[in-house]
Amino acid sequence: MRYFEYFEPKSVGEACQFLNEHEEAKILGGGVSLVVLLKNGLITPSHLVNIKTIPGLARIEWDDREGLTIGGLNHHRDILLSPLIQRHCPILAEAASKIATPPIRNLGTIGGNVAHAEPSADFPPALIALNASLMLTSPGRERKVPIEEFFTDYYENILGQGEILTRIDVPPLPPRSAGTYIKLDKITNSIAIVGVASVIGFDEKGICIYAGVGLGGVASTPLNVKGAKDILVGEKITETHIDKIAKEAQAMANPITNVHASAEYRKEMVYVLTRRALQGSLDKALGR
Ligand SMILES: Cc1cc2nc3c(=O)[nH]c(=O)nc-3n(C[C@H](O)[C@H](O)[C@H](O)COP(=O)(O)OP(=O)(O)OC[C@H]3O[C@@H](n4cnc5c(N)ncnc54)[C@H](O)[C@@H]3O)c2cc1C
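If you're wondering where the values come from, they're calculated on a predicted model, not measured in any experiment. (Residues numbered from 1 in each chain as written. Predicted model: local features only at pLDDT ≥ 70, side-chain atom pairs only at ≥ 80, totals over all residues. Heavy atoms only, no water.)

### Details of the packing of helix H10 (residues 239-252) against helix H11 (residues 263-285)
How we decide: An axis is simply a line fitted to the C-alpha atoms; with a helix, the fit covers only the stretch in contact. Between two such axes, the angle follows the N-to-C directions and lies from 0 to 180 degrees. Where helices and strands are cited, they refer to DSSP runs of H or I of at least four residues and of E of at least two residues respectively, numbered from the N terminus. What makes a crossing left-handed is the near helix being turned counterclockwise from the far one by less than a right angle; a clockwise turn instead makes it right-handed. Pairs of residues are marked as contacts when any of their non-hydrogen atoms sit within 4.5 Å. Throughout, the ten residues Ala, Val, Leu, Ile, Met, Phe, Trp, Tyr, Cys and Pro are labelled nonpolar, Asp, Glu, Lys and Arg are labelled charged, and all others, Gly among them, are labelled polar.
Viewed as axis vectors pointing N to C, H10 and H11 meet at an angle of 145 degrees, and their least axial separation amounts to 8 Å. The crossing of H10 and H11 is right-handed. Touching Glu 239, Ile 242, Asp 243, Ile 245, Ala 246, Lys 247, Ala 249, Gln 250 and Ala 251 of H10 are Lys 267, Glu 268, Val 270, Tyr 271, Thr 274, Arg 275, Leu 278, Gln 279 and Leu 282, all from H11. Broken down by class, the residue content of the contact of H10 with H11 amounts to nine nonpolar, three polar and six charged.

### Examining the pairing of strand S4 (residues 60-63)
Going by this rule: Two strands pair under a simple rule: DSSP has to find at least two bridges between them.
Note: S4 against strand S5 (residues 67-71), four bridges, orientation antiparallel. Of the residues in S5, the one forming a bridge with Glu 61 is Thr 69. Counting the residues in the hairpin turn of S4 and S5 gives three residues.

### Notes on the site of the ligand
To keep it simple, the criterion reads: Note on definitions. A residue lies near a molecule or strand when any single heavy atom of the residue is within 4 Å of it. Any N or O atom pair separated by 3.5 Å or less is treated as a polar contact, with the protein-specific requirement of one donor-capable and one acceptor-capable atom, and with residues adjacent in sequence counted only for side-chain atom pairs. For the area figures, the Shrake-Rupley method with a 1.4 Å probe applies, and any residue is considered shielded solely by the protein chains shown.
Taken together, the neighbourhood of the ligand is formed by 28 residues, with Ile 27, Gly 31, Ser 33, Thr 109 and Asp 122 sitting nearest. Between the ligand and the protein, one listed contact pairs an oxygen atom with a side-chain N or O atom of Thr 109 at 2.6 Å. Contact with the protein chains removes 86% of the 970 Å² of surface that the ligand exposes when unbound. Elements that contribute at least two residues to the shell around the ligand include exactly strand S2 (25-28), helix H2 (32-39), helix H7 (110-115) and strand S10 (164-170). Of the residues belonging to the shell around the ligand, the class tally is 13 nonpolar, 12 polar and three charged.

### Describing the pattern of salt bridges
Basically, it comes down to this: Salt bridge, as used here: a side-chain nitrogen of Lys or Arg that lies within 4 Å of a carboxyl oxygen of Asp or Glu. Relative accessibility under 20% of the residue-type maximum defines a buried residue, over 50% an exposed one, and the middle range a partly exposed one, all with a 1.4 Å probe and only protein chains included.
The tally for this structure, following the rule as stated, stands at 11 salt bridges. Among the salt bridges present, the one from Glu 163 reaches Arg 143, with a minimum N-O distance of 2.7 Å. Remark: Arg 143 occurs in strand S7 (residues 141-146) and Glu 163 occurs in the loop between strand S9 (156-157) and S10; sequence separation between them is 20 residues. The exposure class assigned to Arg 143 is partly exposed, which follows from its relative accessible area of 23%. When the shortest N-O distance is used, the salt bridge between Glu 239 and Arg 275 registers 2.3 Å. Of this pair, Glu 239 sits in helix H10 while Arg 275 sits in helix H11, and the two are 36 residues apart along the sequence. We classify Glu 239 as partly exposed; its relative accessible area is 44%. Three or more residues are tied together by salt bridges with common partners; here these are Glu 239, Asp 243, Lys 247 and Arg 275.

### So, H10
We count it as follows: What a helix should span is 1.5 Å times the count of its residues minus one.
In this model, H10 (14 residues) spans 20 Å end to end at C-alpha, consistent with the 20 Å of a helix rising 1.5 Å per residue. Of the positions making up H10, those classed as buried are His 241, Ile 242, Asp 243, Ile 245, Ala 246, Ala 249 and Gln 250. Close packing links the buried residues of H10 with strand S13 (208-216), helix H9 (227-232) and H11.

### Observations regarding the pairing of S5
Residues in a regular strand point their side chains to alternate faces of the sheet. With five of five residues buried, S5 is to be regarded as a mostly interior element. Note that S5 and S10 share four bridges and pair antiparallel. Bridging across to S10, Ile 70 finds its partner in Ile 168.

### What to know about the domain arrangement of the protein
Formally: Domain ranges listed in this record stem from an automatic or a database domain assignment. Buried area: the accessible surface (1.4 Å probe) lost by two parts on joining, summed over both.
Under the domain assignment, the protein is made up of domain 1 (5-53), domain 2 (60-170) and domain 3 (176-285). The gap between the C-alpha centroids of domain 1 and domain 2 is 19 Å. Counting residues at the interface gives 16 residues for domain 1 and 14 residues for domain 2. Roughly 1,200 Å² of surface becomes buried between domain 1 and domain 2 when both sides are summed, with 75% attributable to carbon and sulfur atoms. Summed over the shared surface of domain 1 and domain 2, the number is zero salt bridges.

### Examining the nonpolar core
Threshold: Residue types Ala, Val, Leu, Ile, Met, Phe, Trp, Tyr and Cys, when buried and joined through side-chain atoms within 4.5 Å, form a set referred to as a nonpolar core.
Ranked by internal contacts, the top residues of the largest apolar core, which has 35 residues, are Ile 70, Leu 92, Val 114, Phe 123, Leu 127, Leu 134 and Ile 168. Of all elements in the fold, only S5, helix H5 (90-97), H7, helix H8 (123-129), strand S6 (133-138), S10 and strand S12 (194-202) reach the threshold of two or more residues within this core. Excluding residues within four positions of it along the chain, Ile 168 makes contact with Leu 68, Thr 69, Ile 70, Ile 110, Val 114, Leu 127, Ala 132, Ser 133 and Leu 134. One finds Ala 219, Val 225, Leu 278 and Ala 285 within the second-largest nonpolar core, a separate group that totals 32 residues.

### Focus on a nonpolar patch on the surface
Using the following cut-off: Patch members must show over 30% relative accessible area and no salt bridge, and they are joined within 9 Å when carrying like charges or within 5 Å when they are nonpolar side chains of Val, Leu, Ile, Met, Phe, Trp or Tyr.
Together, Tyr 154, Tyr 155 and Ile 256 make up an exposed nonpolar region whose accessible area comes to about 280 Å². Topologically, Tyr 154 is positioned in the loop between strand S8 (151-153) and S9. Residue classification places Tyr 154 among the partly exposed positions, given a relative accessible area of 33%.

### What to know about the sheet that holds S7
The sheet built from five strands is open, its strands ordered S4-S5-S10-S6-S7 with antiparallel pairing. Both edges of this open sheet fall to S4 and S7, since each of them pairs with a single strand only. On average, adjacent strands in this sheet sit at an angle of 20 degrees to one another, irrespective of strand direction.

Below, the structure is given as structure tokens:
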């Protein structure tokens, strides 16, 4: 492992400034993935910037108009146990419950999980289905981007020099809504072969007024099945709608074959699991 220097900033501004001035510096969140990369010599940063020393980067808050705010430094365990998340966005707790083991959930952060841009990670499909946005903070500037625009390729994202993922915003859902996250893995809570998240919301007449579907593990980035909104919103959902979205999800998927599963199998499972996830959300939202 190459020698590196270690920095503990006291504020977001100080961290951004430092990162801006040191091109080869890396942000240290929970360190769960970063340390693996370091130990294997896959990255050789000049500095590690430990953002855990910055106050206020871990917070879970709810506002009736703005929705849910989750700090970039909240651990997976925080998401799993938060009463606010269980009440307003339980699909995020469901996704957190399927991540690895308790030690990883205690250390890993949601900001690190998203920023690492692993295509099979569990939070991104759920955040896509929830129409979440990310707050990216750099010296003197903040930009809010829809989560689906954040990922660019395997382990690549749009974070620029000096930028930190400081916050995740999830807009409020309609009162009658529900979500489901289904993870297909070989051993329970190991890396997803396919992950499908769906969120559906209804008005009091049972007409769909919100729909989101996110996929993980089936392309170089997590995917947003945008057709779900066009197909479902304004409709009383039927089997035909669900089938149409599952076919669209399958057509979008462009998986690779690796030791975990073949591309063909993943593609088949996208269809099966999208149907199950949508049916699950439908049943929960309509109290069936
Ligand atoms: C054995 C093992 C099993 C795992 N299983 C799963 C699983 O089943 N499902 C799953 O979803 N994940 C899994 N993970 C990943 C894990 O859950 C963490 O989400 C992930 O490691 C990153 O979180 P972290 O806070 O530890 O980030 P770090 O390891 O500290 O950082 C990861 C990357 O993100 C950058 N980064 C971190 N925080 C920020 C930030 N706030 N702003 C900008 N950049 C940032 C770092 O510079 C680095 O490039 C697993 C990891 C391991 C090692």
